[in-house]
Amino acid sequence: MRIDVLTIFPEILVSPLKHSILKRAQEKGLVEVKVINIRDFAYDKHRVTDDYPYGGGHGMVMKPEPIFRAVASLLDVEEDDIPGHRNLPSGVEIILLSPQGEPFTQEKAWDLARAARHLILICGRYEGVDERVRKHLATEEISIGDYVLSGGEVPALVVVDAVVRLLPGALGDGESPRHDSFSDGLLEGPQFTRPREYLGLKVPEVLLTGDHERIRRWRRKEALKRTLERRPELLEKVSLSGEDLRYLQEIEDEA
Ligand SMILES: C[S@@+](CC[C@H](N)C(=O)[O-])C[C@H]1O[C@@H](n2cnc3c(N)ncnc32)[C@H](O)[C@@H]1O
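Below is a short write-up of the structure. What you are looking at is a predicted structure, and each value in this text was computed from that prediction instead of being measured.

As for the site of the ligand
Inspection of the region around the ligand gives 20 residues, with L97, Q100, G124, E127 and Y147 positioned closest. Here an oxygen atom of the ligand sits 2.6 Å away from a polar atom, N or O, in the main chain of L97. Compared with its free state, where it exposes 590 Å², the ligand has 84% of that area covered by protein. Broken down by secondary-structure element, the contributors of at least two residues to the shell around the ligand are strand 5 (92–103) and strand 7 (140–143). Among the elements that take part in the shell around the ligand, strand 5 stands out by supplying four residues, more than any other.

Structural data, given as structure tokens:
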């Protein structure tokens, strides 16, 4: 996979891309991540990337030309020859990070990890980007939550991290994103590590038995319990087995 992040503050992205899973995935050749400075595509003397909003109002808006040009150079076409959404090569997504976008979810991360070949992420700043970028350039808009950040760099990192860790081979041996929260529609249950007792607080006995089937059942019930307590609406979307329904009944009885 190839990922290009377009920003006017490239330094913000440098360090997070150099650590842990993101670093390893790049070293293994699973993904190539490049950070592109939008300013390099502003051709006036002062390399201006923003301007006052038409119609008045506060703040500045990011200009369309440097962003269109940056994307054109990534697609290896002229800026007036960028293919429309339907004509983009398959697997290319041009994503505008925006608090007004589609909420980002684990499901969306899986979709991108499975289907995308080339992600181009556009980070806004100031009051946002010129509407023509949203309407005529971006194939989709993604929001990382119902709050407003100062820029799209942190949201872009969120998307990059969530997608890259799902690429086959990105996680270490024995690690699997399939057990993570949301992957099967539930929250993951509690985790424990050594020591088995700390300040009088003990690890649940079942985890020490070595009985894989008992441990699997305990974990499933705990995941259902946690989801019911914290995010009951998730249970409405997941298909529950007979075993799950029995555990839910037990959880209700125990409560
Ligand atoms: C200060 S925000 C602009 C907000 C815009 N004026 C509005 O009200 O929708 C500047 C940039 O930060 C990014 N951003 C802020 N919050 C975000 C969020 N929740 N999800 C994704 N991107 C976000 C976007 O790229 C946005 O263009």
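Continuing now.
Looking at the packing of helix 4 (residues 106–115) against helix 6 (residues 153–164)
With their axes 8 Å apart at the nearest point, helix 4 and helix 6 run at an angle of 65 degrees to one another. Relative to helix 6, the element helix 4 is oriented roughly perpendicular. Crossing of helix 4 over helix 6 shows right-handed handedness. Packed against helix 4, whose contacting residues are A109, L112 and A113, the element helix 6 presents V159, A162 and V163 at the interface.

Observations concerning the pairing of strand 1 (residues 2–7)
Of all six residues making up strand 1, five are buried, and the element is well covered by its neighbours. Here six bridges tie strand 1 to strand 2 (residues 32–37), and the two strands are oriented parallel to one another. Paired with D4 across the bridge in strand 2 is K34. As defined by bridge partners, strand 1 adjoins strand 6 (residues 118–122) across five bridges and the pair is classed as parallel. Each bridged residue has a counterpart across the sheet, and for L6 the counterpart in strand 6 is I122.

Focus on the sheet that holds strand 7
Taken together, five strands build an open sheet; the order of strands is 2-1-6-5-7 and the sheet is parallel. Bordering the open sheet on either side are strand 2 and strand 7, each of which pairs with just one other strand. Between one strand axis and the next, the sheet turns through 30 degrees on average, direction left out of account. Looking at chain direction, strand 5 and strand 6 are connected through five bridges and run parallel. Along strand 6, the bridge assignment pairs L96 with I122. Of the strands in this sheet, strand 5, strand 6 and strand 7 touch helix 4, which is tilted by about 140 degrees from strand 7.

A look at the pattern of salt bridges
In total, this model carries 20 salt bridges according to the counting rule given. Taken together, the salt bridges that share partners define one network made up of E213, R216, R217 and E243.

Procedures and definitions
- Residues numbered from 1 in each chain as written.
- Predicted model: local features only at pLDDT ≥ 70, side-chain atom pairs only at ≥ 80, totals over all residues.
- Heavy atoms only, no water.
- Near = heavy atom within 4 Å.
- Polar contact = N/O pair within 3.5 Å; in protein donor to acceptor, adjacent residues only side chain to side chain.
- Areas by Shrake-Rupley, 256 points an atom, 1.4 Å probe, with all protein chains shown as cover.
- Helix = DSSP H or I, 4+ residues; strand = E, 2+ residues; numbered from the N terminus.
- Axes fitted to C-alpha atoms, helices over the stretch in contact; angles between N-to-C directions.
- Parallel < 35°, antiparallel > 145°, perpendicular 65-115°, else oblique.
- Left-handed = near helix turned anticlockwise from the far one by under 90°.
- Contact = heavy atoms within 4.5 Å.
- Buried < 20%, exposed > 50% of the residue type's maximum accessible area, 1.4 Å probe, protein only.
- Pairing = 2+ DSSP bridges.
- Salt bridge = Lys/Arg side-chain N within 4 Å of Asp/Glu carboxyl O.

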